[in-house]
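# Reading the structure
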Amino acid sequence: MKWNSRTRCAIVCLGFILLFSLFSFRLIYLQMIKHDEYAGLAAEKHVIKQPIFAERGTILDANNEVLAHNVPVETVVADASRLSEVDATIDLVSSELQLQRGEVTEKLRSDRRYIVLKREVAKANADSLRQKLRAKNLRGVYFEQDATRIYPNGIMLCHVIGFTDFEHKGIQGVEGSLDEYLRGQDGYRYIEHNRAGQEIVQYRGQERAPRNGYQIHLTVDLNLQNIVENEIDAAMREYSPKKATIILMRPQTGEILAMANRPAFDLNRRSDAKPEQMKNRAICDMMEPGSTFKIVTAAAALNEHKFSLDSYIFCENGMWNYGGTPLHDHAAFGDLSVKDILVKSSNIGAAKLAVTLGDQKFYEYIRRFGFGDRTGVELPGEIPGVIRSPQSWSKISITHIPMGHEIGVTPLQMATAMCAIANGGKLMTPRIVKSITTSDGKTISTLKPIALRQVISPQTANQIGMALRGVVSDRGTAAAAAVPGFVIAGKTGTAQKVGPHGGYEKGKEVVSFCGFLPAEDPQFVGLVVLDDAQTKPEQNYGGQVAGPIFSHIAEKAARYLDLEPHEEIRKAIPVERVALTSSSRH
Amino acid sequence: MSRSRRNWNEVNAASLARSIVLTGFLALTGLCYVYLTLQLYHLGDRKKALETEVTNLRMQNEVASAQITALTSRAALQRRLKEGYLKMIPIAEHNIVRLTIPNRNPEDAIQPVSNPRSAR
């Protein structure tokens, strides 16, 4: 080969061809074969999916009064690797956010890139800190938008409303049970940012708007709730019981109009609350109902046509030996009508009604009234109570269960059963949620009353109602539950308290009163339960402790609901005439 | 003279004009592109600033609403009532219009009793 200029030129050209071919192949490899991979890596560096947070829905009462809502706050965070002047930042942050200097120093001296300095910082405080950081040209501290849940009424209705955790997840009450509706759905937006981390708005990618949480409208009327809360507080001051529960319900629909428990806690200071304060005892606690349960016994006996309201039963003069165990009445009753068994609250009379019915039939009625099953109210943590099947009853269970012993029921179950009596024998599912709407008022769902079953006939319910009117009369056990101008039907209950290790605790009683008003056209059913009220032993009875509390609530509630007093108001008999003998204590 | 004239490059006026127009057009297009891109950035910044402003206003509104709710809540009003800041006057009987029709049962034999202790 001749090494002339032509050859040299050809070699150089070949070199160039090879070089550019190499470049071309590399370019094809990068741009076509590896395109997706490198495009992804590039996008990862500059494109981020920015969440757009949905606003949690508010909770309102029946009159649209706000019970829970959101307030915008900010979370102050820091990136230790980007701090410009650490000492100056520590000084400013600790003084502005009112944090311990040592705590801030420890956090900012670390090498972490995401440090939460303080959550739930008010907007005004965050703005002030932001301005000062800017003025001193301090970098590395950032602000994240957030919201906090505020409960304007504090302690009121705390067990029903519940609360959220710091991640805005509902924990208790309606906040917990309806979290799915309240939470809403976060949106997102793909954004591209420049080297300084600022968004390049024109390169915004796919976007989805957030859907704010729905509003929950409760059946609770805050005016009635206020009446109940004031009375339960007064009862706590007067009797210092360990626990107390009051429920008001509308019998025709099962709507819960008010529900209060003690001990309670402030929803805005939930971190200070003890677990026993957070318990909604109306649905999570069970009790032996005592004599209030006699309504179930009498209703079953009348509905089965075993007796009429005026049938007489011999009550053994106060002591009946059944199954080798004596059963006592609080007074020596002879012959009592079925009506008077309720009015005088005779244990022996109630036991004889149940014995006539038989184990299986009586058990069927207990279950038909809803005992032993969860009521289905829209609140979390409800328990079914304890109703044993007749197979596991002892020989004397048939005489003890009719007077509300050997069973465990929740206060809500008891109130619901009384609602069935007041509602012509129809058992309704208790409800706390009235409707669910969007934030602009569009209805998503309206919850209609649910009739579970016809437990007893309307005639039987009417008969029981008539008998229960006698309980709140000068002849009955709850004269103190009366409200001037209104006829009230109700039943008292006094049950010895069951100890933590089984057996009854001497001198400790659970006293209750469950009634409805006006008896002829019930507008609400009320239940008052006090556990271990501190009063004189001879006064620690449902009629004397829970009865007057019911009276105060019913009187105020009747005024609020504008119920027309009974026309016989002028003929009202002063309660002083009612001799509160030992026979009228149960 | 004629020799030097023969060596001159002849300028095609039409071609030159075409080139100038094309170059000018390309330059103008480029400038327009740069201007519009800058405008796009500028509008993006304005959009972002307006979004921030709207967000801030919405937040201020929410804070104000929360304050109103807190101040008009039942608990707050009751506290004020207790402090004597507010006063409640009972509504006179003649000012009350009752719309509820009483449901009376003349056969009802049981008399209601009054309970003077109810006024705790």
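Not measured: the values here are computed from a predicted model. (Residues numbered from 1 in each chain as written. Chains lettered and ligands numbered in written order. Predicted model: local features only at pLDDT ≥ 70, side-chain atom pairs only at ≥ 80, totals over all residues.)

This brings us to the overall build of chain B. Of regular secondary structure, chain B possesses three helices and one strand. Along the chain direction, N to C, the helices and strands of chain B fall in the order α-α-α-β. Counting over 120 residues, chain B shows a buried share of 4%. (Helix = DSSP H or I, 4+ residues; strand = E, 2+ residues; numbered from the N terminus. Buried ≥ 20, exposed ≤ 12 C-beta atoms within 10 Å, placed from the backbone.)

Looking now at the overall build of chain A. Scanning chain A from terminus to terminus reveals 18 helices and 22 strands. The C-alpha radius of gyration of chain A comes to 35 Å, more than 25% above the 25 Å expected for a compact globule of 586 residues. C-alpha atoms of chain A, sized along the principal axes, occupy 140 × 55 × 50 Å. In chain A, buried positions account for 46% of the 586 residues. The long-range fraction of contacts in chain A, counting pairs at least 24 apart against all pairs at least 6 apart in sequence, stands at 73%. (Rg over C-alpha atoms; globule rule 2.2 N^0.38 Å. Contact = placed C-beta atoms within 7 Å.)

This part takes up the sheet that holds strand S7 (residues 207-208) of chain A. All names here are of chain A. Spatially, S1-S6-S7 is the arrangement adopted by the three strands of the open sheet, whose pairing is antiparallel. Among the strands making up the open sheet, the edge pair consists of strand S1 (47-52) and S7. Relative to S7, strand S6 (residues 187-192) runs antiparallel, the two being bridged by two bridges. Paired with Arg189 across the bridge in S7 is Glu207. (Pairing = 2+ DSSP bridges.)

On to the confidence of the model for chain B. Residues and elements named next belong to chain B. Mean pLDDT over chain B stands at 79; residues scoring 70 or higher make up 73%. At the low end of the mean pLDDT range in chain B sits strand S1 (residues 113-114), at 54; at the high end sits helix H2 (residues 13-72), at 92. The ipTM assigned to the predicted complex is 0.73, against a pTM of 0.82. (pLDDT = per-residue confidence, 0-100.)

A few words on unusual backbone geometry. Residues and elements named next belong to chain A. A cis amide bond, omega 5 degrees, links Arg262 with the succeeding residue Pro263. Residue position: Pro263 is located in the loop between strand S10 (255-262) and helix H10 (281-284). Each neighbour pair has its own omega, and for Leu517 with Pro518 the value is -20 degrees, a cis peptide bond. On the secondary structure map, Pro518 appears in the loop between strand S20 (504-517) and strand S21 (524-531).

Looking now at the packing of helix H11 (residues 294-303) of chain A against helix H13 (residues 347-357) of chain A. Helices that pack against each other are described as a pair by the angle of their axes relative to one another and the distance between those axes. Residue and element names in this part refer to chain A. The geometry of H11 relative to H13 is characterised by a closest axis approach of 9 Å and an angle of 45 degrees between their N-to-C directions. Looking at the two axes, H11 sits oblique to H13. In the crossing of H11 with H13, the sense of the turn from one axis to the other is left-handed. On the side of H11, the interface is formed by Lys294, Thr297, Ala298, Ala300 and Ala301, while H13 contributes Ala350, Leu353, Ala354, Thr356 and Leu357. (Axes fitted to C-alpha atoms, helices over the stretch in contact; angles between N-to-C directions. Parallel < 35°, antiparallel > 145°, perpendicular 65-115°, else oblique. Left-handed = near helix turned anticlockwise from the far one by under 90°.)

All names here are of chain A. Taken together, five strands build an open sheet; the order of strands is S10-S9-S21-S20-S19 and the sheet is antiparallel. Each edge of the open sheet carries a strand with a single partner, namely S10 and strand S19 (489-498). Along the sheet, successive strands turn relative to each other by an average axial angle of 10 degrees, direction set aside. In this sheet, S21 lies alongside S20 in antiparallel orientation, the contact comprising eight bridges. When the bridges of S21 are listed, Ser512 appears paired with Val529. Packing of helix H18 (residues 542-560) onto the sheet brings it into contact with strand S9 (243-250), S19, S20 and S21, and relative to S20 it is tilted by some 30 degrees.

Residues and elements named next belong to chain A. Formed by 134 residues in total, the largest nonpolar core has its most connected members in Ile161, Val220, Ile247, Ala298, Ala415, Met418 and Ile488. For this core, the element with the most residues is helix H16 (residues 411-422), which contributes nine residues. Residue assignment places this core across two domains, with domain 1 (52-188 + 209-213) and domain 2 (222-265 + 288-584) each supplying three or more. In this structure, Val71, Val73, Ile90 and Val104 belong to the second largest nonpolar core, which totals 14 residues. (Core = buried A, V, L, I, M, F, W, Y, C linked by C-beta atoms within 7 Å. Domains from an automatic or database assignment.)

What follows is about the environment of Ile246(A). Residues and elements named next belong to chain A. Relative to the assigned elements, Ile246 resides in strand S9. Judged by the 28 C-beta atoms lying within 10 Å of it, Ile246 is buried. Along the sequence, Ile246 and Phe550 sit 304 residues apart, while their C-alpha atoms lie 8.8 Å from each other. The residues contacting Ile246, other than those within four sequence positions of it, are Val228, Glu231, Ile232, Ala260, Leu527, Val528 and Ile553.

Attention now moves to H16(A). Residues and elements named next belong to chain A. Taking 1.5 Å per residue as the helical rise, H16 with its 12 residues ought to reach 16 Å, and the 17 Å between its terminal C-alpha atoms agrees with that figure. Among the residues of H16, those classed as buried are Pro411, Leu412, Gln413, Met414, Ala415, Thr416, Ala417, Met418, Cys419, Ala420, Ile421 and Ala422. At the C-terminal side of H16, Gly424 shows a positive phi close to 65 degrees. (Expected span 1.5 Å × (residues − 1).)

Turning next to the domain arrangement of chain A. All names here are of chain A. Structurally, chain A comprises domain 1 (52-188 + 209-213) and domain 2 (222-265 + 288-584). Taken over C-alpha atoms, the centre of domain 1 sits 46 Å from the centre of domain 2. Taken together, the contact between domain 1 and domain 2 spans 19 residues of the former and 15 residues of the latter. Elements with a minimum of two residues in the side of domain 1 that touches domain 2: helix H6 (158-161) and helix H7 (173-177). Ranked by residue count, the leading element in the side of domain 1 that touches domain 2 is H7, at four residues.

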